[in-house]
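Chain and residue survey
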Amino acid sequence: MPKASPEPASPGRRSFCILACAAVALAPLSLGAEAPAPQDPRRVTPETRASLGKGGIKDFRKQGGFYLIADGGGIYAVSSICTHNGCSVLLEEGRSFGCPCHDSEYDLQGNVLQGPARLPLKHFHVSEQGPGGPLVVDLGRVVDPHVRF
Ligand code: FES
């Protein structure tokens, strides 16, 4: 017995769907609404080179998703977003980062110590807002993990 094939959508219905989608997409323009401004990827922190000191670690998980760290070589910003599935990693006893979701572990430089994550945490560009001023982390600029400010 031959199977009945589903009827293709009629051109009238298809045309209506295309017009309806276009109307929804263009509605903000016709109402004079402005497109949302692109978000500035830079985060000006309250920390300075002096306040961070040597060996300082500051948590900015809620201000963009990173930790600001000073080691012997300088200052760096490491992402707090786990590379396995995007959970926020937590500082553990000042010595490593642990992911509460599936137990990945990273050292303070963001290298994977234990999976399931396979990729290291990203590092972001750090600069100063004027000499001795607040440290600025650019979440739009990923840098080599060896870069220090
Ligand atoms: S999201 Fe971090 S280990 Fe899975």
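Residues numbered from 1 in each chain as written. Predicted model: local features only at pLDDT ≥ 70, side-chain atom pairs only at ≥ 80, totals over all residues.

The name an unreviewed UniProt entry assigns to the protein is Rieske domain-containing protein, from the organism Mesoterricola silvestris. Here is the UniProt Cofactor (unreviewed entry) comment for the protein, exactly as written: "[2Fe-2S] cluster". (UniProt positions renumbered as here; feature names shortened; annotations may be inferred.)

Some remarks on the pairing of strand β3 (residues 66-71)
Counting buried positions over the 6 residues of β3 gives 5, a clear majority of the element. The sheet contact formed by strand β2 (residues 57-60) and β3 spans 4 bridges and is antiparallel. Following the sheet pairing, lysine 58 is matched in β3 by leucine 68. With 6 bridges connecting them, β3 and strand β4 (residues 74-79) associate as antiparallel partners. (Buried ≥ 20, exposed ≤ 12 C-beta atoms within 10 Å, placed from the backbone. Helix = DSSP H or I, 4+ residues; strand = E, 2+ residues; numbered from the N terminus. Pairing = 2+ DSSP bridges.)

What to know about the sheet that holds strand β5 (residues 90-92)
Across the sheet, which stays open at both edges, the 4 strands sit in the order β5-β6-β7-β8 with antiparallel pairing between neighbours. Of all strands in the sheet, those with a lone pairing partner are β5 and β8 (112-114), marking the two edges. Pairwise comparison of adjacent strand axes, ignoring direction, gives a mean angle of 35 degrees for this sheet. Pairing of β5 with strand β6 (residues 96-98), which is carried by 3 bridges, proceeds in the antiparallel orientation. Within the sheet, the bridge partner assigned to leucine 91 lies in β6 and is phenylalanine 97. (Axes fitted to C-alpha atoms, helices over the stretch in contact; angles between N-to-C directions.)

Examining the nonpolar core
In terms of nonpolar packing, the biggest core is built from 20 residues, with Phe66, Leu68, Ala77, Val78, Val126 and Val137 touching the most fellow members. If you list the elements that add at least two residues to this core, you get β3, β4, β9 (123-128) and β10 (135-143). When residues of this core are assigned to their parent elements, the largest contribution, 5 residues, is made by β3. (Core = buried A, V, L, I, M, F, W, Y, C linked by C-beta atoms within 7 Å.)

Structural notes on the environment of arginine 148
Tracing the chain through its elements places arginine 148 in the segment after β10. Between the C-alpha atoms of arginine 148 and histidine 125, which are 23 residues apart in sequence, the distance is 8.6 Å.

Examining the confidence of the model for the protein
For the protein, the mean per-residue pLDDT works out to 84, and 75% of the residues sit at or above 70. Predicted confidence is poor over residues 4-9, with pLDDT under 50, and the contacts of this stretch with residues over four places away or in other chains come to 1 contact. Segment residues 26-30 is flagged for pLDDT under 50; beyond a separation of four residues in sequence, or across chains, it makes 1 contact in the model. (pLDDT = per-residue confidence, 0-100. Contact = placed C-beta atoms within 7 Å.)

Details of the environment of leucine 91
By secondary structure assignment, the location of leucine 91 is in strand β5. Overall, leucine 91 belongs to the partly exposed group, with 17 C-beta atoms counted inside 10 Å. Filtering out sequence-adjacent residues up to four positions away, leucine 91 remains in contact with Ile57, Asp59, Tyr67 and Phe97.

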